[in-house]
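Here is what each chain is made of, one letter per residue.
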Amino acid sequence: MLIKKPADIKPSEITDQNTYLNRRAFIRDSGLLGVGIAASVMGLPWSKQSWAEAAPGKRVYPALAKSNFSTDEKLTDFDDATSYCNFYEFGTRKSDPKENSQAFVTSPWSVTVDGACEKPGTYTLEDILKPHTLEERIYRLRCVEAWSMVIPWVGFSLGDALKRFQPTSKAKYVSFYTLHDAERMPGQKRRVLEWPYREGLRIDEAMHPLAMLAVGMYGAELPNQNGAPLRLVVPWKYGFKSIKSIVRISFTEEEPVSTWNQVQPSEYGFYSNVNPTVDHSRWSQKKERRIGNWLKQETLMFNGYADQVASLYSGMDLKKFF
Ligand SMILES: Nc1nc2c(c(=O)[nH]1)N[C@H]1C(S)=C(S)[C@@H](COP(=O)(O)O)O[C@H]1N2
Ligand SMILES: [Mo]
C-alpha cells in the first residue's frame, strides 16, 4: 500500500473545500461543457486540469443539490481518489485502473434486471436515470485495507431505483454484477477473481436511504477507474461492497454470492459492515489512514453511519455475521 507522505505532496496538489466550491461555481457558470474542452480552452486551475486528464471526455454536471446525509469532512484530493483505486478488472495495483481503463467505452450501456420482480428487462442507462434527480452526497469510503477517503458522489437513492422494478415478496436479497468482457476489461484475462465481480445486499439494506447508485463524482461523470458509468456506494460497508460498472441487477430469495466472500470466506463476510471491533483475520480494523493524512484515525462503527443504519442489524451477532 503506497501512501503519499506530506513531504511528497506538492503544494499544488493540496486542495480544500474552498477550491472545490470555487470550481463548482465555475462549473455552474459554464454549464454542461465537455471537461476536456473546458480545461484546454479556459486555462483552468490545476484541479480542473488533472480532472480532464483523469476523466477525459466525461461531462460536468450542472449545479447539484447536496444531500443532507453528507459529511462535512475535508474531501480527498481529486487526484488521489482517481489514481489510487481498486478495480481488479483493470489490474491489481492501485495505479492500474487509471492507467488501463482510459479506452474503456461506457456508452451505450445497459443493465439487465431479473429474478424476483414484476418488471424484469434490459434497461438503458438513460432509462434508469430518467425519473431521478441527481444529487451530491459526500460520503466516506472505508476500504477493508484500512485506508479511507471522502468523496463527493453524484447519484440517487438505490432503493428508489430498485422500487421501479417492483421486487416481489420473494426478493429477500439483491445482487449486482460487473461487466464480464476480457477484451474490454483486460484484468479479466487473469483469474485473480472469479469473474464477473459480484456483490449483494439484503433487501432492507438496499432500500436504506443511504445506499446509492452513483454516476459521477466531484461534479462530473465517473472516471472509468472509479466505476463508470454506474456503481454502487454503500457507505457503512467496506469499499468492496461498492461494486463498479454494473450490468446486471438480480433479485433473489437466497443470499447471493459476493466475490470477496467467495475468494476467502474466512476473511470477508457477506455483510462486511465497517466494524472496528471485528478485526480482519490478518490485520486490525480499529484504525484507518485517511488518504492525504499522515496520522491514522479511529475507525467508527458502521463507518460513522451508526445512527442511521445500526437498527438494520439489531439482535444480530456482528462477530458471526461479519
Ligand atoms: N467491479 C469491481 N468493483 C469494485 C472493486 C473491484 O475490484 N471490481 N473493488 C472494490 C474495492 S475493494 C473498493 S475499496 C472500491 C474502491 O473504489 P474507488 O477505487 O473508486 O475508490 O471499489 C470496489 N468495487
Ligand atoms: Mo476495498
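Keep in mind the model is a prediction, meaning the values are calculated, not measured.

1. With respect to the overall build of the chain
Alright, step 1. Within the chain one finds 10 helices and 13 strands.
Alright, step 2. Looking at the chain as a whole, 54% of its 322 residues qualify as buried.
Alright, step 3. Taking all contacts inside the chain whose residues are at least 6 apart in sequence as the whole, residues at least 24 apart take part in 72%.
Alright, step 4. Split by element, the accessible area of the chain, about 14200 Å² in all, is 53% carbon and sulfur.

2. Points about the site of ligand 1
Alright, step 1. In the vicinity of ligand 1 lie 15 residues, with Tyr88, Glu89, Arg231, Ser242 and Lys244 positioned nearest.
Alright, step 2. In the environment of ligand 1, a nitrogen atom lies 2.9 Å from a nitrogen or oxygen atom belonging to the side chain of Thr178.
Alright, step 3. Partitioning the shell around ligand 1 into residue classes produces 7 nonpolar, 5 polar and 3 charged.

3. Concerning the pairing of strand 7 (residues 198-202)
Alright, step 1. Burial analysis of strand 7 places 5 of its 5 residues in the buried class, which makes it a mostly covered element.
Alright, step 2. Of the two faces of strand 7, both are covered, the one formed by Arg198, Gly200 and Arg202 as well as the one formed by Glu199 and Leu201.
Alright, step 3. The pairing of strand 6 (residues 173-178) with strand 7 spans 5 bridges and is classified as antiparallel. Within strand 7, the position partnered with Ser175 by the bridge is Gly200.

4. What to know about the environment of Asn293
Alright, step 1. Its place among the elements puts Asn293 in the loop between strand 12 (287-290) and strand 13 (297-298).
Alright, step 2. Along the backbone, Asn293 and Thr76 are 217 residues apart, and their C-alpha atoms lie at a distance of 9.4 Å.

5. Looking at the pattern of salt bridges
Alright, step 1. Going through the model one piece at a time under the given rule, you end up with 17 salt bridges.
Alright, step 2. Of the charged contacts in the structure, one is a salt bridge between Arg93 and Asp96, with a shortest N-O distance of 2.9 Å.
Alright, step 3. Overall, Arg93 belongs to the exposed group, its relative accessible area being 54%.
Alright, step 4. According to the relative accessible area criterion, Asp96 is buried, its value standing at 6%.

6. Regarding unusual backbone geometry
Alright, step 1. Across the junction of Ser107 and Pro108, the peptide omega takes the value 0°, indicating a cis bond.
Alright, step 2. Residue position: Pro108 is located in the loop between helix 5 (96-100) and strand 2 (110-115).
Alright, step 3. Backbone torsion omega between Ala228 and Pro229 reads 0°, so that peptide bond is classified as cis.
Alright, step 4. Here the phi dihedral of Ala146 falls at roughly 75°; this positive angle occurs in a residue that is not glycine.
Alright, step 5. As for its placement among the helices and strands, Ala146 is situated in the loop between strand 4 (135-142) and strand 5 (147-157).
Alright, step 6. Residues other than glycine seldom take positive phi values, yet Ser245 does so here, at roughly 45°.
Alright, step 7. Its relative accessible area of 0% is what places Ser245 among the buried residues.

7. Quick notes on the packing of aromatic side chains
Alright, step 1. In the structure shown here, the tally under the stated rule is 16 aromatic pairs.
Alright, step 2. Ring geometry for Trp51 versus Phe78: centroids 5.7 Å apart, planes at 45°, classification tilted. Of this pair, Trp51 sits in helix 3 (residues 46-54) while Phe78 sits in helix 4 (residues 78-83); the two residues are 27 residues apart in sequence, bridging distant segments of the chain. For the pair shown, Trp51 and Phe78 are each scored as buried.
Alright, step 3. Between Phe90 and Phe104, the ring centres sit 5.4 Å apart and the planes meet at 70°, which makes this aromatic pair edge-to-face. One end of the pair, Phe90, is in the loop between helix 4 and helix 5; the other, Phe104, is in the loop between helix 5 and strand 2, with 14 residues separating them in the sequence.

Thresholds, definitions, all that
Residues numbered from 1 in each chain as written. Chains lettered and ligands numbered in written order. Predicted model: local features only at pLDDT ≥ 70, side-chain atom pairs only at ≥ 80, totals over all residues. Heavy atoms only, no water. Helix = DSSP H or I, 4+ residues; strand = E, 2+ residues; numbered from the N terminus. Buried < 20%, exposed > 50% of the residue type's maximum accessible area, 1.4 Å probe, protein only. Contact = heavy atoms within 4.5 Å. Areas by Shrake-Rupley, 256 points an atom, 1.4 Å probe, with all protein chains shown as cover. Near = heavy atom within 4 Å. Polar contact = N/O pair within 3.5 Å; in protein donor to acceptor, adjacent residues only side chain to side chain. Nonpolar A, V, L, I, M, F, W, Y, C, P; charged D, E, K, R; others polar. Pairing = 2+ DSSP bridges. Salt bridge = Lys/Arg side-chain N within 4 Å of Asp/Glu carboxyl O. Phe/Tyr/Trp six-rings, centres within 6.5 Å; stacked < 30°, edge-to-face > 60°.

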